[in-house]
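Residues per chain, in single letters:
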Amino acid sequence: MVVLDGKATSAQIRAELAEKVKVLKAEGKKVPHLAAILVGEDGASRTYVNAKVRDCEEVGYGSTLIKLPEETSESELLKAIHKLNNDEDVDGYIVQLPLPNHIDETKVLLAIDPKKDVDGFHPENVGKMTLNLPTYIPATPQGIVEILRRYNVPTEGKDCVVIGRSQIVGSPMSILLSQHNYPGNCTVTLCHSRTKNLRQVCKKADIIVAALGQPGFVTADMVKEGACIIDVGITRVDDSSKKSGFRLLGDVDYNAVATKCSYITPVPGGVGPMTRAALMLNTMKVIELS
Ligand code: NDP
């Protein structure tokens, strides 16, 4: 069994990007600049955004963090987005989700200039991804594709089950793994809360991508011997023994499933760091695609 080590792989990606930045600088070219808008005080969102700023520092990108208070109105946020769209120094930016309830997420995503949409959530970029055209792919599926590629995990002709159909993880994942290239060429079944006999469906899978947000949902009896298991789930549970006061649980019963499978991503240290690395890759892509 091979542990797909997202921590080590993402460190490798950051080192490669840092080398690219050095080359850009030596050639007198612009280095990528990533901005992030954070609205409100959600603890997890703050942690994610701060990590993105640290990643930028490590690889040598410029970074800007725009913190707006919880009570920011939709029109104020749209103004901030408009400003970033017109800021020539900013190559790409993200609006950290979730947004406070009084703000229409779709309106916000539509306002982002697709050329700067490094999260890949704008319909123009979703459309390009679906057509397999060069674009920004949402960071989590992109991170998964990257780790499969770097570990040479076989995907061609494999039966793949994706559990969860969100626009940011499950749905794009199902599209990417069915595409006509590596890693892809899978026969994909996209499952969700209305799927019948999910246990039996999973049992036939060569690859399972669990992205539903229910700790320990995928148990050993649902997994075929030798399957590849990608655990996307992150659920925070209180843990007073940790400095942070919480620990992270994945959607897979790791210890039991690990004894049966051929590849597995741990939580933490699997898909999470790959998601962060994918955002850094997308930000470099802005320069490469322009
Ligand atoms: P959503 O809540 O948006 O979607 C969950 C999906 O799971 C839905 O499609 C839902 O079905 C499906 N689902 C829920 N319960 C079941 C069930 N019992 N059986 C089958 N399907 C079920 O979640 P996200 O996609 O945003 O995130 C999923 C998980 O991944 C979360 O734990 C999240 O924290 C984590 N995550 C991790 C990231 C990382 O970097 N590692 C990045 C992003 C997310 P239906 O559509 O029918 O409601």
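Calculation notes
- Residues numbered from 1 in each chain as written.
- Predicted model: local features only at pLDDT ≥ 70, side-chain atom pairs only at ≥ 80, totals over all residues.
- Heavy atoms only, no water.
- Axes fitted to C-alpha atoms, helices over the stretch in contact; angles between N-to-C directions.
- Helix = DSSP H or I, 4+ residues; strand = E, 2+ residues; numbered from the N terminus.
- Parallel < 35°, antiparallel > 145°, perpendicular 65-115°, else oblique.
- Contact = heavy atoms within 4.5 Å.
- Nonpolar A, V, L, I, M, F, W, Y, C, P; charged D, E, K, R; others polar.
- Phe/Tyr/Trp six-rings, centres within 6.5 Å; stacked < 30°, edge-to-face > 60°.
- Lys NZ or Arg CZ within 6 Å of the ring centre and 35° of its normal.
- Buried < 20%, exposed > 50% of the residue type's maximum accessible area, 1.4 Å probe, protein only.
- Pairing = 2+ DSSP bridges.
- Right-handed = clockwise from strand over helix to strand, strands pointing away.
- Expected span 1.5 Å × (residues − 1).
- Polar contact = N/O pair within 3.5 Å; in protein donor to acceptor, adjacent residues only side chain to side chain.

Enquirer: Would you mind going over the packing of helix α1 (residues 6–26) against helix α2 (residues 43–59) with me for this structure?
Expert: If you want to describe how two helices pack, look at the angle between their axes and the distance between the axes. Here α1 crosses α2 at 55°, and the two axes come no closer than 8 Å. The pairing of α1 with α2 is recorded here as oblique in orientation. In contact with Arg 14, Leu 17, Ala 18 and Val 21 of α1, α2 contributes Asp 55, Glu 58 and Val 59. In terms of residue class, the contact of α1 with α2 is built from 4 nonpolar, no polar and 3 charged.

Enquirer: Would you take a moment to explain the packing of aromatic side chains for this structure?
Expert: Aromatic rings considered in pairs are described by the distance between their centres and by the relative angle of their planes. Enumeration over the complete set of coordinates arrives at 0 aromatic pairs. Against the face of Phe 246 rests Arg 236, its NZ or CZ located 3.9 Å from the ring centre.

Enquirer: Please explain unusual backbone geometry as it appears in this structure.
Expert: Excluding glycine, most residues fall at negative phi; most peptide bonds, likewise, are trans. The linkage connecting Leu 97 with the following residue, Pro 98, adopts the cis geometry, with an omega of 0°. With respect to the helices and strands, the residue Pro 98 is situated in the loop between β4 (92–95) and α4 (105–111). If you check the backbone angles, Asn 132 has positive phi at about 60° while not being a glycine. One can find Asn 132 in the loop between α5 (123–130) and α6 (139–150). Phi at Asn 152 takes a positive value of approximately 50°, unusual for a residue other than glycine. With respect to the element layout, Asn 152 can be found in the loop between α6 and β5 (159–163). Owing to a relative accessible area of 59%, Asn 152 belongs among the exposed residues under this scheme.

Enquirer: Sorry if this is basic, but what is going on with the sheet that holds strand β8 (residues 228–231) here?
Expert: Pairing between the strands of a sheet comes from backbone hydrogen bonds, and it takes one of two forms, parallel or antiparallel. Taken in spatial order, the 6 strands make up an open sheet running β1-β11-β8-β7-β5-β6, and their pairing is parallel. Of all the strands in the sheet, just β1 (2–3) and β6 (187–191) have a single pairing partner and so form its edges. One ladder, built from 2 bridges, connects β1 with strand β11 (residues 263–264); its direction is parallel. Within β11, the residue paired with Val 3 across the bridge is Ile 264.

Enquirer: Explain the sheet that holds β4 to me, please; I cannot follow it from the model alone.
Expert: Taken in spatial order, the 3 strands of this open sheet run β3-β2-β4, and their pairing is parallel. Unpaired on one side and paired on the other, β3 (62–68) and β4 mark the two borders of the sheet. Pairs of neighbouring strands in the sheet enclose a mean axial angle of 15°, with direction left out of account. Sheet topology places strand β2 (residues 33–39) next to β3; 7 bridges connect them, and they run parallel. Looking at β3, one finds that Ala 35 is bridged to Thr 64. Together, β2, β3 and β4 form the strand contacts of α2, whose direction differs from that of β3 by roughly 160°.

Enquirer: I tried to follow the pairing of β5 on my own but got confused; where do I start?
Expert: For a regular strand, side-chain orientation follows a simple rule: the groups alternate between the two sheet faces. Burial of β5 is extensive: 4 of the 5 residues sit out of reach of the surface. The pairing of β5 with β6 spans 5 bridges and is classified as parallel. Counted as the bridge partner of Cys 160 is Val 188 from β6. As for the winding sense of the linkage, the β-α-β connection from β5 through helix α7 (residues 170–178) to β6 is right-handed. Pairing of β5 with strand β7 (residues 207–210) involves 4 bridges; the strand directions are parallel. Residue pairing across strands places Val 162 opposite Val 209, the latter belonging to β7.

Enquirer: I tried to follow α1 on my own but got confused; where do I start?
Expert: Given 3.6 residues to a turn, an α-helix orients residues that are three or four positions apart in the same direction. For α1, which comprises 21 residues, the first-to-last C-alpha distance of 30 Å matches the rise-based estimate of 30 Å (1.5 Å per residue) to within 8%. Of the positions making up α1, those classed as buried are Gly 6, Thr 9, Ser 10, Ile 13, Arg 14, Leu 17, Ala 18, Val 21 and Leu 24. Buried positions along α1 lie against α2, α6 and α10 (271–289). Measuring from the backbone nitrogen of Lys 7 back to the side-chain oxygen at the start of α1 gives 3.0 Å, which picks out Asp 5 as the cap. One or two residues past the end of α1 sits Gly 28, with phi positive at roughly 70°.

Fair warning: the whole summary comes from geometry, so function is off the table for now.
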